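# Secondary and tertiary structure notes
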Amino acid sequence: MLKKIFKKNRYKFLLSLIPVIVVGIMAPLRSYIMQLLIDSSSYRELLGKCVIAAVFSIGVFIFEWVSKKSQAIVARDIEKDMRDQLMHKLFCISANQFEKKGLAYYLSKFTTDINIILNDGVNNVYSMIMQAVFVVVAVSYLLCVEPFILLIVAAVSIVQFGVPGILKKKIGFSRKEYTEALEFYLDGIKSDLGGHKVIRTFDAVKQILGKQQKLSDFVCRKNEYSSQTLYWAQALASFVNNGAFLIVLGSCMFFAVAGRITVGEIVAITNMMNFVLTPCRAISNGMIQLKSMEKVTAELEALLEQESENDNKENLEENIREICLDNVDQKISESFSLDKLTLTFEKGKKYAIVGKSGSGKSSIIKLLTEYGTDYTGRVLINGHELSGLNKESIMHISPVCYQQTYIFNDTVFNNVALYQNYSKDEVIEALQKAGIYDTIQKLPEGVDEKIQENGKNFSGGELQRIALARLFLRNKAMTFLDEITSGLDNATAYEIEKRLLDEDMTIINITHRYNKALMQKYNEIIVMDAGKIVERGTFDELLEKEGEFFRLYKV
């Protein structure tokens, strides 16, 4: 995928090389301009050469500006393509695949990894090309003026190119270690900042700060080690460069005494030498940077090329008429599994799945939506085996409303419409069905009121109703509800669940609330315990049995 991105931008890149090459040619020629000025034999000749030098300097300035501008444009387009492709990929892979890595891992790709590719890759390549042009121009000049000095410069330059090989493996390893440490640090930061209120409430600030100091020290030490390794390589190259300068300068003085070169040529040669030795050092450092980013590039490439669990699977095009589970087993963790599930969900009916915490209620919805196909038995949706279906298409037809209400830092309208093409009247109607519009219309901006970070300008019940309006807006024939009233007061929870049960849709609701008026609205109540279905029936039937549901209801 990265190769495709670079291929897409190759013509812009090649075009942007023109001013880079021009600057690469003109910069060393300033040494030749200095030679002309120093070796001028008269004031008139000096004045003419000063005019040439001024025009030349203006030309260098213009081409340097064009060069930087074109490089910035190419880097911008490559960066945008990488960010767009990465975001697209993350919304194409399944929730199961996404959650295996964790949010901090993906955030590091958008920040650290992309910056490494841009700085150590794209910008570095431009620099290396320009440095290579410097070398070609300077070598050509030295060849014309004094070939023997060129041989001396060439010898020390070869030594410089050998420097990266000494530490390149160590540099690549240390860079990778730093990237991994930064991912670990970001994960810790995200976790602790997310629990800001809990940490302060339970007076755990000192302990959390202590933990964060250790994490910070760990990542800073990894960065220090990575930087030190790189600096050692650069210092070694600098030592070689300084030695080469002294050797070349001594040679120039010898040839000047022998009358083979002029004073102006000594100045030009010593300056031109910098356009051989310094670029060689820069190119060797550039090679180090390119080598050190190989693992980062390979990891990002692997992520972009990763196939989704839903790829090449059949899309469910029609509304769900029936879901059948036949003797289904699925391992959830080392200590918990769904065991011998056999049940049927029919179109137009309402189902409640109840049970103690950890009994396996949510695992049923996860099985049917986004979480893997590693089950035994049969799961049929409209007669199609679940393992062969694109689970994204299932969620498009039958969305899942989760216990955790996710709210964007945006307007009420955009939180309900989710940036899709719905009218304001449609959104208002959905808010009315969710029982929240009376509150919204009293706000200064109405449906255009901005919801602040974490929804702090709304109550939990209000946010849950706004989220519920998303479901009403889309008018789906079926929905999965996963503890959506958890954490709400009884009155609010009752009102939300009642509104849903009054809708003409198939509902599979995981709930821990046992309100009699609501329970009697369900066609079937399924009671879970330890991953098994222990009871099923209507509210009245289950009460008559005086079994597990009866005990839960009485509690």
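Residues numbered from 1 in each chain as written. Predicted model: local features only at pLDDT ≥ 70, side-chain atom pairs only at ≥ 80, totals over all residues. Heavy atoms only, no water.

Below, the discussion takes up the pattern of salt bridges. As a working rule, side chains carrying opposite charge can pair if their charged atoms are close by. Taken as a whole, this structure holds 23 salt bridges when the rule is applied. The partner of glutamate 177 in a salt bridge is lysine 222, and the shortest N-O contact between them spans 3.4 Å. Taken together, the positions of glutamate 177 in helix H6 (residues 147-194) and lysine 222 in helix H8 (residues 205-257) put the pair 45 residues apart, joining distant regions of the chain. A salt bridge links aspartate 339 to lysine 340, with the shortest nitrogen-to-oxygen separation between them at 3.8 Å. Looking at aspartate 339, the relative accessible area reads 23%, which means it is partly exposed. Connected through shared salt-bridge partners, Asp329, Asp339, Lys340 and Lys532 make up one network. (Salt bridge = Lys/Arg side-chain N within 4 Å of Asp/Glu carboxyl O. Helix = DSSP H or I, 4+ residues; strand = E, 2+ residues; numbered from the N terminus. Buried < 20%, exposed > 50% of the residue type's maximum accessible area, 1.4 Å probe, protein only.)

This paragraph deals with the pairing of strand E3 (residues 350-355). Extensive coverage of E3 is indicated by the burial of six of its six residues. Burial along E3 is two-sided: Lys350, Ala352 and Val354 and Tyr351, Ile353 and Gly355, pointing in opposite directions, are all buried. In this sheet, strand E8 (residues 506-510) lies alongside E3 in parallel orientation, the contact comprising four bridges. By the bridge assignment, isoleucine 353 is partnered in E8 with isoleucine 510. In this structure, E3 lies alongside strand E9 (residues 524-529), joined through five bridges in parallel fashion. (Pairing = 2+ DSSP bridges.)

Now for unusual backbone geometry. With a phi angle near 50°, lysine 340 is a residue other than glycine that sits in the positive phi range. By the element assignment, lysine 340 lies in strand E2 (residues 336-346). Located in the positive-phi region is asparagine 475, a residue other than glycine, with phi close to 50°. As for its placement among the helices and strands, asparagine 475 is situated in the loop between helix H16 (460-474) and strand E7 (478-482).

Time to look at the sheet that holds E2. Spatial strand order, E2-E1-E4-E5: four strands in an open sheet with antiparallel pairing. Two strands in the sheet have a free side with no partner beyond their single neighbour: E2 and strand E5 (384-385). Two strands pair when backbone bridges link them, and strand E1 (residues 322-333) and strand E4 (residues 375-381) are joined in this way by six bridges, in the antiparallel orientation. Counterpart to leucine 325 in the pairing with E4 is valine 379. Each of E1, E2 and E4 touches helix H11 (residues 361-368); the most contacted strand, E1, lies at about 110° to it. (Contact = heavy atoms within 4.5 Å. Axes fitted to C-alpha atoms, helices over the stretch in contact; angles between N-to-C directions.)

As a further point, take the packing of aromatic side chains. Counted under the stated rule, the structure contains 13 aromatic pairs. A ring pair is formed by phenylalanine 13 and tyrosine 126, whose centres lie 5.2 Å apart and whose planes are at 50°; its orientation type is tilted. One end of the pair, phenylalanine 13, is in helix H2 (residues 10-38); the other, tyrosine 126, is in helix H5 (residues 103-145), and 113 residues separate them in sequence. With centroids separated by 5.2 Å and ring planes inclined at 80°, the aromatic side chains of phenylalanine 539 and tyrosine 553 adopt a geometry described as edge-to-face. Taken together, the residues span a long stretch of sequence, with phenylalanine 539 in helix H19 (residues 539-545) and tyrosine 553 in helix H20 (residues 548-554) at a distance of 14 residues. The class for phenylalanine 539 is buried, based on a relative accessible area of 2%. Connected via pairs of aromatic rings, a cluster forms that spans Tyr514, Phe539, Phe549 and Tyr553. Of note, lysine 101 hangs over the ring of tyrosine 105, and the distance from its end group to the ring centre comes to 4.9 Å. (Phe/Tyr/Trp six-rings, centres within 6.5 Å; stacked < 30°, edge-to-face > 60°. Lys NZ or Arg CZ within 6 Å of the ring centre and 35° of its normal.)

Another point: the nonpolar core. Of all hydrophobic cores here, the largest spans 51 residues; its most connected members are Met82, Leu86, Leu142, Val153, Val248 and Ile269. Of all the elements in the fold, those that place two or more residues in this core are helix H1 (2-8), H2, helix H3 (43-90), H5, H6, H8, helix H9 (263-292) and helix H10 (294-305). No other element matches H5, which puts 16 residues into this core. In contact with isoleucine 269, not counting residues within four places along its chain, are Tyr141, Leu142, Val145, Ile149, Val248, Cys252 and Ile261. Of all hydrophobic cores here, the second largest spans 45 residues; its members include Ile428, Tyr437, Met505 and Ile507. (Core = buried A, V, L, I, M, F, W, Y, C linked by side-chain atoms within 4.5 Å.)

Of all residues in the protein, 95% attain a pLDDT of 70 or more, and the chain-wide mean is 83. The least confident element of the protein is helix H7 (residues 196-201), whose mean pLDDT is 68; the most confident is E9, at 93. (pLDDT = per-residue confidence, 0-100.)

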